[in-house]
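# A closer look at the structure
Each chain, written out:
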Amino acid sequence: MASSNNHNKSSSLSSTSSYGPQLAVKFARRTSSGRVVSLSRDDDLDLSSEYNEPNDYVNYTVQMPPTPDNMPNSTQSNPPHHQRNDTADSLNRPNGGRGDDHNLDAATKVMSKFPENDPFYGHMDEKSIDFTGIDIPLPLFVYLSREKRPGYDHNKKAGAMNAIVRASAILSNGPFILNLDCDHYIYNSLALHEGMCFMMDRGGDRICYIQFPQRFEGIDPSDRYANHNTVFFDGNMRALDGLQGPVCVGTGCLFRRFALYVFHPPRANEYAGLFGQIKYPAPHIQAQSDDDEEQPLNVHPDPNLPKTFGNSAMFSDSIPICEFQARPLMDHKSVKNGRPPGALLAPRPPLDAPTIAEAVGYEDKTEWGSRIGWIYGSVTEDVVTGYRMHNRGWRFVYCITKQDAYRGTTPINLTDRLHQVLRWATGSVEIFFSRNNPFLATTRLKFLQRIAYMNVGIYPFTSIFLVLYCFLPAFSLFSGHFIVETLNITFLSYLFIITICITLLSLLEVKWSGIALEEWWRNEQFWVIGGSSAHLAAVLQGLLKVIAGIEISFTLISKSTAEYEDDIYADLYVVKWTSLFIMPLTIMVINVVALVLDFSRTMYSVIPQWNKFFG
Ligand SMILES: O=c1ccn([C@@H]2O[C@H](COP(=O)(O)OP(=O)(O)O[C@H]3O[C@H](CO)[C@@H](O)[C@H](O)[C@H]3O)[C@@H](O)[C@H]2O)c(=O)[nH]1
Ligand SMILES: [Mn+2]
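It should be emphasised that the depicted structure is a prediction, and the values quoted were computed from it without experimental measurement. (Residues numbered from 1 in each chain as written. Chains lettered and ligands numbered in written order. Predicted model: local features only at pLDDT ≥ 70, side-chain atom pairs only at ≥ 80, totals over all residues. Heavy atoms only, no water.)

### Section: helix 2 (residues 156-171)
Heads up, the rule is: Secondary structure elements are defined from DSSP: runs of H or I of at least 4 residues count as helices, runs of E of at least 2 residues count as strands, and each element is numbered from the N terminus. Take the residue count of a helix, subtract one, and multiply by 1.5 Å to get its expected span. Remark: exposure states derive from per-residue accessible area (1.4 Å probe, protein chains only) relative to the maximum for the residue type, with buried under 20%, exposed over 50%, and partly exposed in between.
Across its 16 residues, helix 2 extends 22 Å between first and last C-alpha, which sits within 8% of the 22 Å expected from 1.5 Å per residue. With 13 of 16 residues buried, helix 2 is to be regarded as a mostly interior element. Residue asparagine 173 follows helix 2 closely and has a positive phi angle near 50°.

Here's what the structure looks like:
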């Protein structure tokens, strides 16, 4: 570990931004001993053929020095020049178990081309599309990579998102953030507009995020393992939209940046009474007076601003600006607290690499991941992050566009699919056993919304009953007894009620989500496969984590390998052994054995001579 006295010496940048002719992109990182090593894998990434103009791109290799902020053990060290003493000293570490004995010296690579104001028209010969007369410059593009050090929890997607949120606060401070997974892409270029309509509409300042449905490509036509999840995306999520909004499912989600920073919405309601039937405005959110419009931009809108965002002054300064810029346009009397027309045209200072590095590479001793931004510690960080915001009273919108907004790929072979379902279900069990259990929700969550979140946390537990149910036929065949002595009226009426409920549920699913009978049947099939394997394993894993603190790993879903094969669905038939198969196989074998045994037993009792065949 680098000793504390070299903090002051090391400047934020070891190789400063160069507009020079050097075009090869170099990645480097500083080791714990202070040595700078280049990450050779990227050394030969030469982009010179791609870009003709040497001045087009600004290449930074940014090396973060260890700061006291990311070295919690060295308390006597002097803060570097850019650090504000007041925050550094008053910080307490909220998230103990993050392996923070390491100094995180993040190497951040920023490659950006600043877009020009002058239009840049395309030509006829641009690949196969005619871009004549169309303004085609690429928008500002920044690629950000994080160092992932063994032994230091990089917090997966949530960690990546938080780094991006901080970096983009400095780079563009866009008031809205669209989040897409690495396996998703934009399918409808106008979808963003639709999302913005909600955000910019009257009352839109209370909206935290717009969730778009997940749609997938490359799934086998009969969707054997229920990858499309149509009932969830076109039934459940739409129904939730009629309550307080859909759950956050990670990808295809348009966020209000300001809401990610742990602030409360400008207005919210609370619900009291057993079923939350009494509604009243949340008391400690003060109705904003008209004077607020005069509020200077450098005064923060929330006097209780957490002191734990970290020590980047530039980041803190960006917060009130992104709040202001996300307000609806004040072009009508009815728009309270809007932003005056033209307010977004204010010039902004040019950016430089040290400023970006200052804001990105820290995290320990801040509330990032524990309260601010994407929440750490869950394998379904998306649901938890959304839930926390729901709890603060923000509103959420589910937006289904006519043409799919975004599309992605997803595993179609059974093993990978089960691992995916296992991860989701484990996340749900974690939520159930955590402080994010909706039993502990604030009064800003409606009763039914609570039930919905409860359902998210509780569904894996149904697997226990499902597995018992699957063993019933074998049990009856072996023992010669049915679960009840006689088919009495009580049993039959239970059976009748349950059958009616299940039938109604299926009817609703088919009616609301518009699925055909085949898809409905596939769903039922996969419900049994997933329920008897992944969901049960999730319950066990969740219990292990809660009781013994043993964590599972988040394995990135393997993407299709069948690209060059003749059968585009070849992936479907890939079977990789996983212990998740044990329970469904056991169920199958025991039931088959019971059937065969009982069949022969019956045959034997009718025609005793059959006995000779079986020895
Ligand atoms: O270490 C990691 C792991 C994942 N990711 C990102 O997280 C995404 C989700 O991973 P994937 O393997 O595609 O899982 P899915 O089950 O398809 O994803 C769903 O479920 C995840 C939670 O389990 C959410 O994070 C996703 O947003 C949601 O789409 C990836 O695409 C990556 O963009 C990272 O950035 N770093
Ligand atoms: Mn995915």
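### Topic: the nonpolar core
The following threshold applies: Among buried residues, the Ala, Val, Leu, Ile, Met, Phe, Trp, Tyr and Cys ones that are joined through side-chain atoms within 4.5 Å form a nonpolar core. Here, two residues are considered to be in contact whenever any of their heavy atoms come within 4.5 Å of each other.
The biggest cluster of nonpolar side chains holds 33 residues, and the ones touching the most others in it are Phe255, Leu260, Tyr261, Phe309 and Phe315. Residue assignment for this core shows that the elements contributing at least two residues are helix 2, strand 8 (207-211), strand 10 (253-256), helix 5 (257-260), helix 6 (313-325) and helix 7 (353-360). Element by element, the count of residues in this core is highest for helix 2, at 8 residues. Not counting residues up to four positions away in its chain, the partners in contact with phenylalanine 255 are Pro175, Phe176, Ile177, Met199, Cys208, Tyr209, Cys248, Leu260, Trp374 and Met389. In this structure, Ile412, Leu418, Ala538 and Leu572 belong to the second largest nonpolar core, which totals 20 residues.

### A short note on the UniProt feature "binding site: UDP-alpha-D-glucose" (unreviewed entry) in the protein
Note the threshold: UniProt positions are given in the numbering used here, feature names are shortened, and annotations may be inferred rather than shown by experiment.
Residues annotated by UniProt as "binding site: UDP-alpha-D-glucose" (unreviewed entry) correspond here to Lys156. Its place among the elements puts lysine 156 in helix 2. Under the relative-accessibility criterion, lysine 156 is labelled partly exposed at 25%.

### Notes on the UniProt feature "binding site: Mn(2+)" (unreviewed entry) in the protein
Rule in force here: Within 3.5 Å is the distance limit for a polar contact, defined as a pair of N or O atoms, with the added protein rule that one can donate a hydrogen and the other accept it, and that residues adjacent in sequence qualify only through two side-chain atoms.
If you check UniProt for "binding site: Mn(2+)" (unreviewed entry), the listed places come out as Lys157 and Asp181 in our numbering. In sequence the annotated residues extend across 25 residues, while in space they remain close, none of their C-alpha pairs exceeding 8.9 Å. Relative to the helices and strands, lysine 157 resides in helix 2. Each residue touching lysine 157, except ones within four places of it in the same chain, is listed here: Asn179, Asp181, Gly250, Thr251, Trp374 and Glu381. Residue classification places aspartate 181 among the partly exposed residues on the basis of a relative accessible area of 24%. Look past the residues within four positions of aspartate 181 in its chain and what remains in contact with it is Lys157 and Thr251. Here lysine 157 takes part through its side chain, which lies 2.8 Å from a polar atom of the side chain of aspartate 181.

### Looking at helix 4 (residues 230-241)
Taking 1.5 Å of rise per residue, the 12 residues of helix 4 would be expected to cover 16 Å, and the 16 Å separating its terminal C-alpha atoms lies within 8% of that figure. Three or more residues of helix 4 are buried, namely Thr230, Val231, Phe233, Asp234, Gly235, Met237 and Leu240. For helix 4, the elements touching its buried residues are strand 8, strand 9 (215-216), strand 13 (395-398), helix 10 (447-458), helix 12 (489-513) and helix 13 (517-548).

### Overview of unusual backbone geometry
Trans peptide bonds make up the majority, and among non-glycine residues the majority have a negative phi. Residues other than glycine seldom take positive phi values, yet asparagine 155 does so here, at roughly 60°. Relative to the helices and strands, asparagine 155 is located in the loop between strand 5 (107-112) and helix 2. With a phi angle near 50°, alanine 226 is a residue other than glycine that sits in the positive phi range. Secondary-structure assignment places alanine 226 in the loop between strand 9 and helix 4.

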